[in-house]
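# Observations on chain architecture
What follows is the residue order along each chain.
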Amino acid sequence: MCNCATDSESVKELVKHCCEIGGKWASANGHCSNMQPPTEDGPTICWTAQQQCCLGSLKERQCLAGIKAARAGSFCEEDASSKCGTDSYKECCSCCSLGLQFHRASHRCEAHQYLGFHCQHVFLNCCELAEGRQTVRERPALVPTLPPVKVSDSPYPKEAFSIGEEQDGENAVEGPVEDMDECLIYEGNICHHICINTPGSFRCECFPGYVLHEDAFTCKQEMTDEENRLKEFDRAAVETASPLPSPTQPSVPLNPCEGSSICEQQCTPVGGRPQCSCFLGFSLRADGHSCDDVDECLSSHGCQFNEHCVNTRGSYICQRLITCPPGYQISNGVCEDIDECMMGTHNCGSGLVCMNTEGSFSCNSKPICPAGFKQDTQGNCMDIDECTSLILPCSSGFTCINTAGSYMCNRKIICSRGYHASPDGSRCVDVNECESGLDRCGDGQLCHNMPGSYRCECLTGYQYDSFRRMCVDVNECWRYSGRLCAQTCENTRGSYECSCTSGFRLSADGKNCEDMNECLTSPCSQECANIYGSYQCYCRKGYYLREDGHTCEDIDECSQSIGHLCTYKCVNTPGSYHCACPEYGYTMSPNGRSCRDIDECTTGTHNCSLAEKCYNIRGGYRCLSLSCPPNYRKVTDTRCERISCPTYMECQNSPLRITYYYLSFQSNIVIPAQIFRIGPAPAYSGDNVIVTITQGNEENYFSTRKLNTYTGAVFLQRQVQDPRDFLITVEMKLWRQGKFTTFQARIYVFITANLL
């Protein structure tokens, strides 16, 4: 029978052992090449575990270094030392840099699905950390004077945070829970060895050969089976020796850590006994009480491949690797030359002078200076000036002249006026009175040096006045009248200036004048035309030029025109005008001046009912209803005829026919105006008519006249000032063949407004 449990344990130990070898190889070499394959049993399992653990450890270090470089603002260059197919350093650096740039652009931290799971994870953590979206409060920094707060006593000791509704501790969740990668945010500060992110929290794990301490952060050496049995035996003995609580008194658990200094850093009660543990970056000694610093540089750390890991107490720092050649030393991160001569680190003997050079020094022999020379601080021989160092090198009547390594005495010479002795006293040289200020030239004169003397000359534009013995200004404009300037000449001291009249400017030669285009400066409000020496302003159509000659004013055509421009209303506009019609009842004609009546009855824009008849008038319409009186019938839309006539008198007096007429006139109609004629049709010899207005003429606006024996007319005899409607009834009695026949005309007269 196969012992499956034994085989399983042996495989587990084999994988654990081989994985530890792979991780150590990655930490020590920084790559997974040339790794020795295993020789023990199960080479396939061990070699696979060894390679994967080496690559995993290497990629983790590269990814942490890439994230750190992105947060520091470094350029994400490809890692030249990467021997793998995937550059974890560049991938994590690029994804983190992308998340940071997303935050700077004020976008929401949402990673695209095509970035891949691992890149999305790094992108979101870097973006949300820059945004300040931390769903879990930061754990306090682990300093020796402030022990870390224990998060939970849950049955899962490896969980660093406990998330629940009832817990309100230091690491409780605030607001909506969003997972954040604490391992990336607090890299190297929350776990002793390996940090693994979990949903809403994280957990710490240890390298092979180590076990996680009860504080869930620190890793310690794994105990053997014998050590575990002794520890369990010791714990059982302590629990057996514990006194039972009194039946009458409740048991009070004692905290063995209170008031105890048995632990160097932090103490945790376990089973009634104090359990010592250390802060992050420290490991517990074999005595179980003291703590030793952990050298992180020997295990996996976050330094880049071009940085050197330096261990510190409880942590580590990364320093950039700088190697200086001999003769140089590192100063502020750069290599500077060492001055061996100044520091006294040279080996030049006596009689030799140390001379510093770049990266080294040289030993030179001390020079021996001849007479008349002395040695300076650099060891060079310098000439001695005996003429200044000696009190009286030469006797009176002689001049001391220094030479290289010596000096000489020359006899003093006497020079005539305008000369003086040369510095060596050997000859006479000319005195430059102009440069030394010994001349007596006046204002407006130039000094010219001459051998032994000088001469005063007048400046250009001046002439010498022998009477006043001075230089006076020459008036070139008078002397050369009409030849210097094209227009105006103005004399100045020592010269002259040409100027031009208004409308011209001086040419480049300073003498002639050329026309100036004043229109370029826009002096006119509208149009400008340049003319020789001046300009002229013009106005556009509809404007006139004001008295100032520059401004254009609008012409009011409506008020200044002769006659009527528009039939109804003229509206002035800037530079023009337009005609307008009444708001209702009219529209503008194509000529743009006259108004044309809108026939609402034809266009169908009226509101007359079906029982009414629409009648168009100028500027509007009327809805008329034709109704016949009793004993009359409607034969057409405008005519009613009598049905019967019971008596002779009624037949004589009642109209045989009633006809409706519609007339429309403007209020400016010339008075008197014949507006209607009435008579029999056809007319016969002997016919005679009597025409009267029976109704609607109460104000006597209308009158009737007889044109002949058989024709009558209706006249408008009074002016109607305002629009008004009239309904007048006109009766015509026809005498024909010995009897009267009555006809009635009901006339609607509509007086509309005059548009002019």
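On a predicted model such as this, the values are computed, not experimentally measured, just so you know.

A separate point is a nonpolar patch on the surface. On the surface, Val11, Val15 and Ile45 cluster together to form a nonpolar patch covering roughly 200 Å² of accessible area. Mapped onto the elements of the fold, Val11 is located in helix α1 (residues 4–29). Given a relative accessible area of 37%, Val11 falls into the partly exposed group.

Right, let's get into the sheet that holds strand β45 (residues 711–716). If you walk across this open sheet you meet the three strands as β42-β45-β44, and the pairing is antiparallel. Only two strands of the sheet have a single partner each, and these edge strands are β42 (673–678) and β44 (702–708). Adjacent strand axes in the sheet meet at a mean angle of 30 degrees, parallel and antiparallel pairs treated alike. Across six bridges, β44 lies against β45 in antiparallel orientation. Of the residues in β45, the one forming a bridge with Arg705 is Ala713.

Walk down a regular strand and you will see the side chains alternate between the two sheet faces. Sheet topology note: the strand β11 (residues 328–331)/strand β12 (residues 334–337) ladder contains four bridges and is antiparallel. By the bridge assignment for β12, Tyr328 is matched with Asp337.

Within the structure shown, the criterion is met by twelve salt bridges. The residue Lys24 makes a salt bridge to Glu20 at a minimum N-O spacing of 3.0 Å. Linking Lys24 with Glu20, this pair stays in helix α1, spanning four residues, or about one helical turn. As a salt-bridge pair, Glu699 and Arg724 come within 2.4 Å of each other at their nearest N and O atoms. Within this pair, whereas Glu699 is found in the loop between β43 (688–695) and β44, its partner Arg724 is found in strand β46 (residues 724–736), the two being separated by 25 residues in sequence. Since its relative accessible area comes to 38%, Glu699 is described here as partly exposed. The exposure class assigned to Arg724 is partly exposed, which follows from its relative accessible area of 30%.

So, about the side chain of Thr729. With respect to the helices and strands, the residue Thr729 is situated in strand β46. Those residues within four positions of Thr729 in sequence are excluded, and the remaining contacts are Thr692, Ile693, Thr694, Gln695, Gln744, Ala745 and Arg746.

Another aspect to go through is the nonpolar core. One finds Ile675, Phe676, Phe702, Leu716, Ile747 and Val749 to be the most contacted residues of the largest nonpolar core, which totals 24 residues. Secondary structure elements with two or more residues in this core: β41 (657–666), β42, β43, β45, β46 and β47 (739–752). Setting aside residues no more than four positions away along its own chain, Phe702 makes contact with Ile675, Ile693, Asn697, Val714, Phe715, Leu716, Gln717, Phe726, Ile728 and Val749. Membership of the second largest hydrophobic core comes to 17 residues, among which are Leu64, Ile67, Cys76 and Cys93.

In this structure's numbering, the residues bearing the UniProt feature "domain: Anaphylatoxin-like" (unreviewed entry) are residues 95–127. For residues 95–127, helix accounts for 64% and strand for 0%, while the C-alpha atoms at its two ends are 10 Å apart.

Reading the values: the criteria
- Residues numbered from 1 in each chain as written.
- Predicted model: local features only at pLDDT ≥ 70, side-chain atom pairs only at ≥ 80, totals over all residues.
- Heavy atoms only, no water.
- Patch = residues over 30% accessible without salt bridge, like charges linked within 9 Å, V, L, I, M, F, W, Y side chains within 5 Å.
- Areas by Shrake-Rupley, 256 points an atom, 1.4 Å probe, with all protein chains shown as cover.
- Salt bridge = Lys/Arg side-chain N within 4 Å of Asp/Glu carboxyl O.
- Helix = DSSP H or I, 4+ residues; strand = E, 2+ residues; numbered from the N terminus.
- Buried < 20%, exposed > 50% of the residue type's maximum accessible area, 1.4 Å probe, protein only.
- Pairing = 2+ DSSP bridges.
- Axes fitted to C-alpha atoms, helices over the stretch in contact; angles between N-to-C directions.
- Contact = heavy atoms within 4.5 Å.
- Core = buried A, V, L, I, M, F, W, Y, C linked by side-chain atoms within 4.5 Å.
- UniProt positions renumbered as here; feature names shortened; annotations may be inferred.

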